[in-house]
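Chain by chain, the residues:
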Amino acid sequence: MKDSVSNRLSRSFEWHSSPIDWCEPNYAVTSSIVEYYNTVSNLVFLVLSSLLLYLFAPFARAHSYRVQILWVLFLGIGAGSAYFHATLSLAGQLIDEAGILWCMGSSVAFWLPREWLRVVPGRIFVDREQWFEKGMLVATAVLTVMGCFWPLVNSLFLMVTTVPFAIAITHDVIRCRDTLARRVAYKAIVFWVLAVTVWLSDRFACGLWRSLSLPGVHWLWHYLSLLSGYHAITYLVYRDAAYSAKNGRPTMRMWPSGDWKLLGVSYVEMIPNEELEMIEDPGLFELCKNC
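These figures come from a predicted structure and were not determined experimentally. (Residues numbered from 1 in each chain as written. Predicted model: local features only at pLDDT ≥ 70, side-chain atom pairs only at ≥ 80, totals over all residues. Heavy atoms only, no water.)

### Points about the layout of surface pockets
Size it by volume and the largest pocket reaches roughly 1,100 Å³. Surrounding the largest pocket, 44 residues form its lining, Ile-100, Leu-158, Trp-192, Trp-221 and Ser-225 being those nearest its centre. Listing elements by their share of the lining of the largest pocket, those giving two or more residues are helix H5 (66-87), helix H6 (90-111), helix H8 (152-173), helix H9 (179-204) and helix H11 (218-244). Residue composition of the lining of the largest pocket, grouped by class: 27 nonpolar, 14 polar and 3 charged. (1 Å grid on protein atoms, 1.4 Å probe; cavity = no way out; pocket = protein on both sides within 12 Å on 5 of 7 lines; lining within 4 Å. Points joined across faces, edges and corners; volume = space filled by probe spheres on them. Helix = DSSP H or I, 4+ residues; strand = E, 2+ residues; numbered from the N terminus. Nonpolar A, V, L, I, M, F, W, Y, C, P; charged D, E, K, R; others polar.)

Here it is, written out as structure tokens:
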């Protein structure tokens, strides 16, 4: 049995051991990388995640470090995905999917709307939030192990966990009064629709892209899914702080400045309670509390 497990583990690191092969022709650019464009496109994960760790640092110190965990997971996703596409190894596939799995599972555990947990009677779970959070993280760990033996589990879980976030964001954004926050939520939804469309077209319309002499479009999925995920997490962090923060109120900011509303990077900042009275337009902070 030990030899069997050892051999299986060893084979999982062999190039082309993954059953997945994307539309991009193999070794089209260099003999050192199987899927060149699908590999180098992951560099944007590393760059944007590093920037987000920097921009969200003041918010993390003022309110919660949980968001920084997600940006670290984004770094792992970028590195894992690059390794997977560079080798098309089964180990690379599992590392890539595990990073995405933990990103989605942690997001559900941390920022699923807590009012949804009210359907659970208090006499069953006195502290619903802690039970749900711990249970979700344990379930993610179990699914990670299962995914090593049945990779299809990862895909099913990833598809299912997008549903509650889509519902939560769509429900909130209709009545949220913060214009910039609404724009961030809309971007998350639009980018996700585009990302899924691109992913499906790379899988099922490969002949079309090759007839146009294009290396598939899975590399574009990396950009779109990153933009969707980062905007969704930014909005959910903002929403959660609007409900739970007691030492201040969150506001949405843009980097490098507020003039970059379309191309800038959105992040959340906490305004301390003592500074709220100095703000000329307190209506800016009439957030989503009644959503």
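Here the narrative resumes, following the displayed structure.
### Quick word on empty space enclosed by the protein
If you walk through the whole model with that rule in mind, you get 1 cavity of 30 Å³ or more. Counted as a void, the largest cavity has a volume near 30 Å³. If you trace the largest cavity, you find it lined by Leu-94, Ala-98, Thr-144, Gly-147, Cys-148 and Asn-154. Among the secondary structure elements, those contributing two or more residues to the lining of the largest cavity are H6 and helix H7 (128-149). When residues of the lining of the largest cavity are assigned to their parent elements, the largest contribution, 3 residues, is made by H7. A per-class count over the lining of the largest cavity returns 3 nonpolar, 3 polar and no charged.

### Comments concerning the packing of aromatic side chains
Taken as a whole, this structure holds 10 aromatic pairs when the rule is applied. With centroids separated by 5.8 Å and ring planes inclined at 75 degrees, the aromatic side chains of Trp-22 and Trp-199 adopt a geometry described as edge-to-face. A residue pair is termed long-range when its members are at least 10 positions apart, and Trp-22 in the loop between helix H1 (2-12) and helix H2 (36-40) and Trp-199 in helix H9 qualify at 177 residues. Exposure remark for Trp-22: the relative accessible area of 8% places this residue in the buried category. Put simply, the rings of Phe-45, Phe-56, Phe-59, Trp-71 and Phe-74 pair up and form one aromatic cluster. Looking at Arg-203, its charged tip hangs above the ring of Trp-22, at a distance of 4.7 Å from the centre. (Phe/Tyr/Trp six-rings, centres within 6.5 Å; stacked < 30°, edge-to-face > 60°. Buried < 20%, exposed > 50% of the residue type's maximum accessible area, 1.4 Å probe, protein only. Lys NZ or Arg CZ within 6 Å of the ring centre and 35° of its normal.)

### Overview of the packing of helix H3 (residues 43-55) against H5
As a packed pair, H3 and H5 sit with axes 8 Å apart at the nearest point and diverge in direction by 165 degrees. Compared by their axis directions, H3 and H5 come out roughly antiparallel. Where H3 crosses over H5, the two elements pack in a sense that is left-handed. Where H3 abuts H5, its residues Phe-45, Leu-46, Ser-49, Ser-50, Leu-52 and Leu-53 lie against Gln-68, Trp-71, Val-72, Phe-74, Leu-75, Ile-77, Gly-78 and Ala-79. Its residues assigned to classes, the contact of H3 with H5 comprises 10 nonpolar, 4 polar and no charged. (Axes fitted to C-alpha atoms, helices over the stretch in contact; angles between N-to-C directions. Parallel < 35°, antiparallel > 145°, perpendicular 65-115°, else oblique. Left-handed = near helix turned anticlockwise from the far one by under 90°. Contact = heavy atoms within 4.5 Å.)

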